[in-house]
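# Descriptive structure summary
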Amino acid sequence: MHIGPHKTGTTAVQSALFAARDRLPEYGVEFPATTRHPMEAALAACARPAMMGDTAPTEKHWTRLLERVEATGPRTSVISSEFFADAGDDETVARVVGQLGGDRVHVLVTLRPIARIMPSQWQQYVQNGLRMGYEDWLDHMLRRAPYEKPNPSFWRRHRHDRLVERWIRAVGPDRITVVVVDDQDRDGLMRTFETLLGLPANLLQPVPDTANRSLTLAETEMLRNLNVEFRRNGLPDELYSRLVRNGAVMHMKNACSPAADDVKISTPDWAAEAAGRIGAEMAERIGATGVRIVGDPALLRAVPPQRGPAPGAGAAEARIAPEAAALALYGALAAAAAAPVRHTTEAKSRTVHETSSKELVRVLGHRCLKRLRRR
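Structure report, in brief. (Residues numbered from 1 in each chain as written. Predicted model: local features only at pLDDT ≥ 70, side-chain atom pairs only at ≥ 80, totals over all residues. Heavy atoms only, no water.)

## Brief notes about the overall build of the chain
Secondary structure assignment for the chain yields 16 helices and 5 strands. The 375 residues of the chain split such that 48% are buried. Considering only contacts within the chain whose residues lie at least 6 apart along the sequence, 79% involve residues at least 24 apart. Accessible surface computed for the chain: about 18,400 Å², of which carbon and sulfur atoms make up 51%. (Helix = DSSP H or I, 4+ residues; strand = E, 2+ residues; numbered from the N terminus. Buried < 20%, exposed > 50% of the residue type's maximum accessible area, 1.4 Å probe, protein only. Contact = heavy atoms within 4.5 Å. Areas by Shrake-Rupley, 256 points an atom, 1.4 Å probe, with all protein chains shown as cover.)

Here it is in structure tokens:
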């Protein structure tokens, strides 16, 4: 059971396992999920909400995965979802472990330095509707106790010592392996998974996935400002899921590769140093738990060198390329095209010039949502 957390190579592992799923049974291993990432099942198991605007997961998602795990019999099942790290209390963790097989469950945790996780996690939150800038977000996460706003999930996932201790209480230290990811060893995570699962070397191979790439600072700032307008106009969350996250953003990420001179999201020195201190404390506490550790725990305290200006200074220089903006706009239009616009009597009752732009945006949003639901 691979529980992540987020931004620790989970998508790469899931993609490689899914691509190799037909060969895994030769070595006594099964991949019981029917998709690369059984996100809905994990969310339902941990009683967590769906991403903004997505359909809420139900207990059926989790039950179906449990049935597929049970059907594998005595063979090894491998399940991977970073959303298992969102289980925030002992009761939920114990229930998930018990339903998956109790003493048959071995938990795998993959970890990276907090200083590397923070910019990736911030832009991921922006892709889910966050409107707060990076430096302000860092200030809230690192300086404003109890460090729960605007994203209470961040430290639930990424206070890694507490995450490990939470799962120890359910399975014991002997059935937890912590893998410290070395970003300098690109193949290391795949080879570690092969060893732990008893698979032959090089069976798991990276799968190119442009949709999983991080956004540049300019792309993230464009999306963050769009989020501000989206909320200001009171548009429904379901429209955000369809047209923004799975329309504009997805198409831009798939069709446009960042240029070498694009401004990256850069963490200010004070925040990177604070993250390094937290990482050192977490590494020490994890080491004292007695769990098996693969890799060098000292990496968790690392403070990577910053590339480019801090967000406050670089935001003015970060300009999104016209091609990227066009691709994002096209992605939204392509998603909206699935719900063709029809004339209605309501539309004829007032001309566009007689209606405020704010009201026009709100009406358009609700009409699109209504048509999406009808489809």
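## A word on the nonpolar core
Core analysis: the largest hydrophobic core is formed by 57 residues, its most contacted members being Trp 62, Phe 84, Leu 100, Trp 167 and Ile 176. Counting 41 residues, the second largest nonpolar core, distinct from the first, contains Met 52, Trp 137, Ala 248 and Cys 256. (Core = buried A, V, L, I, M, F, W, Y, C linked by side-chain atoms within 4.5 Å.)

## Considerations on the side chain of Asn 233
Note that Asn 233 resides in the loop between helix 10 (217–232) and helix 11 (237–255). Classification of Asn 233 by relative accessible area gives buried; the value is 9%. Of the polar contacts made by the side chain of Asn 233, one reaches the backbone oxygen of Glu 229; its length is 2.8 Å. (Polar contact = N/O pair within 3.5 Å; in protein donor to acceptor, adjacent residues only side chain to side chain.)

## As for the sheet that holds strand 3 (residues 107–111)
The strand order 3-4-5 describes an open sheet built from 3 strands, whose pairing is parallel. Looking at which strands have only one partner, the edges of the open sheet turn out to be strand 3 and strand 5 (292–294). Put simply, the sheet's adjacent strands are angled 20° from each other on average, direction ignored. Relative to strand 4 (residues 176–180), strand 3 runs parallel, the two being bridged by 5 bridges. The partner of Leu 108 across the bridge, within strand 4, is Thr 177. In the packing of helix 8 (residues 160–171) onto the sheet, contacts are made with strand 3 and strand 4, and the angle to strand 4 comes to roughly 160°. (Pairing = 2+ DSSP bridges. Axes fitted to C-alpha atoms, helices over the stretch in contact; angles between N-to-C directions.)

## Observations regarding the environment of Leu 226
Locating Leu 226 in the fold gives a position in helix 10. For Leu 226, a relative accessible area of 38% gives the class partly exposed. Put simply, Leu 226 and Val 244 are 18 residues apart on the chain and 9.0 Å apart in space, counted from C-alpha to C-alpha.

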